Amino acid sequence: MKHKGLAALLAAGCLALLAGCAAPGGSPASASGAWDPCVPEEGAAAVTCRIVDGAADGALLLAGQGEDEGLYRLGVGETPLFLDDRPAAAADLADGMLVTVYFDGQVQESYPAGFSGVSEIRAQSQGADDRCGLVLEVFEELWNTDEGLNDGVVELGVDIDPTLVPNAAERAGIAWRFGELRGVQNPLQGTWEELAEQGYIQKEGLIWPEGCFFSFRAAENTQPAADRFEFDAQKWRSGLGAYFFQNCTARAAKGGAGGWTYEVGAHAIA
């Protein structure tokens, strides 16, 4: 996919707003030679994403924000990195943070996509929200519960409630990362009914011979808040092989770092 036009337009607007900060010639150095946090590299395109996973080792899985629903891979490596407009290291990043990637405007045609010619990365602590990490943690716990249901799985179905994770790219990132961790390529997104209609789940026999379905849905009769919500989650292999987390409560971690904790209200099996 190509983002050159949109990204270049965004970058041009940013450069216009920050013109008063720039040194002569568009250099990111001030008149004294010191780094000026106001100035991105001249001519760079920019895409803002949320870190789905990978902050711990600098191998970022990024979900585009706003109208950009792209999913990207980015290794921090030696790329100049700034957090809240201050020089930072990869270790300062956290899953759930928003980052703006400055690059040459070309995107590698892969999935997840890759950025070409990355010049710098700018992260911000404000607005961090690691709901992706919360869902991945719940799915991981389900995977490790009643592990016999996982035997022979070569396909995965993932259903994430958009009222709990509104950003489509973030939902896609959760599905992709969960499949990657389980050694399953191209996990499927959709409800149980949608996957049955597509022929993956055998609707008549109530079984998915080669796959397993995971869901993360808002609990009935609940109104999600910014810092708290109730949810149900399940792992389903067949009508007689399923495990459920019910009446669960998720709470935003204290301190405003974007993390979440959760408690399972009840366990059920089928």
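Look above for the structure.
Residues numbered from 1 in each chain as written. Predicted model: local features only at pLDDT ≥ 70, side-chain atom pairs only at ≥ 80, totals over all residues. Heavy atoms only, no water.

### Description of the side chain of Asp53
Put simply, the rule reads: Only DSSP runs of H or I reaching four residues or more are called helices, and only runs of E reaching two or more are called strands; each is numbered from the N terminus. Note on classification: 1.4 Å probe, protein chains only; a residue is buried when its accessible area is under 20% of the maximum for its type, exposed when over 50%, partly exposed between these limits. Within 3.5 Å is the distance limit for a polar contact, defined as a pair of N or O atoms, with the added protein rule that one can donate a hydrogen and the other accept it, and that residues adjacent in sequence qualify only through two side-chain atoms. By definition in these notes, contact holds between two residues if any of their heavy atoms fall within 4.5 Å.
Among the structural elements, Asp53 can be located in strand β1 (residues 45-53). Given a relative accessible area of 18%, Asp53 falls into the buried group. Side-chain polar atoms of Asp53 contact the side chain of Arg177, separated by 2.6 Å. In contact with Asp53, not counting residues within four places along its chain, are Ala59, Leu60, Leu61, Asp95 and Arg177.

### Some thoughts on the nonpolar core
The following threshold applies: Think of a nonpolar core as a cluster: buried Ala, Val, Leu, Ile, Met, Phe, Trp, Tyr and Cys residues, connected wherever their side-chain atoms sit within 4.5 Å.
Counting 36 residues, the largest nonpolar core has Val138, Phe139, Phe216 and Phe231 as the members making the most contacts within it. Element by element, the count of residues in this core is highest for helix α2 (residues 131-143), at 8 residues. Those residues in contact with Val138, other than ones at most four positions away along the chain, are Phe216, Phe231, Ala233, Phe245 and Tyr262.

### Some remarks on the pattern of salt bridges
This is how the line gets drawn: The salt bridge criterion pairs a side-chain nitrogen of Lys or Arg with a carboxyl oxygen of Asp or Glu, the two atoms within 4 Å.
A complete count under the given rule lists 13 salt bridges for this structure. Residue Arg122 pairs with Glu120 through a salt bridge whose shortest N-O separation is 2.4 Å. Asp129 is the partner of Arg131 in a salt bridge, and the nearest nitrogen-oxygen pair spans 3.2 Å. Take Arg131: its relative accessible area is 13%, and that puts it in the buried class. Among the charged side chains, a network of salt bridges with common partners joins Asp53, Arg73, Arg177 and Glu180.

### Things to note about the sheet that holds strand β3 (residues 71-75)
Stated formally: Strand pairing is defined by DSSP finding a minimum of two bridges between the two strands.
What the 9 strands build is an open sheet, ordered β5-β4-β9-β6-β1-β2-β3-β8-β7; its pairing is mixed. In this open sheet, the two strands that pair with only one neighbour each are β5 (86-87) and β7 (107-108). Pairing of β7 with strand β8 (residues 113-115) involves 2 bridges; the strand directions are antiparallel. Across the sheet, residue Gln108 finds its bridge partner in β8, namely Gly114.

### Quick notes on the pairing of β1
Buried residues dominate β1, accounting for 8 of its 9 residues. Summarising the sheet, β1 and strand β6 (residues 98-103) pair through 6 bridges and their orientation is antiparallel. Each residue of the ladder has a partner; that of Ala45, found in β6, is Phe103. Two strands pair when backbone bridges link them, and β1 and strand β2 (residues 59-64) are joined in this way by 4 bridges, in the antiparallel orientation. When the bridges of β2 are listed, Ile51 appears paired with Leu62.

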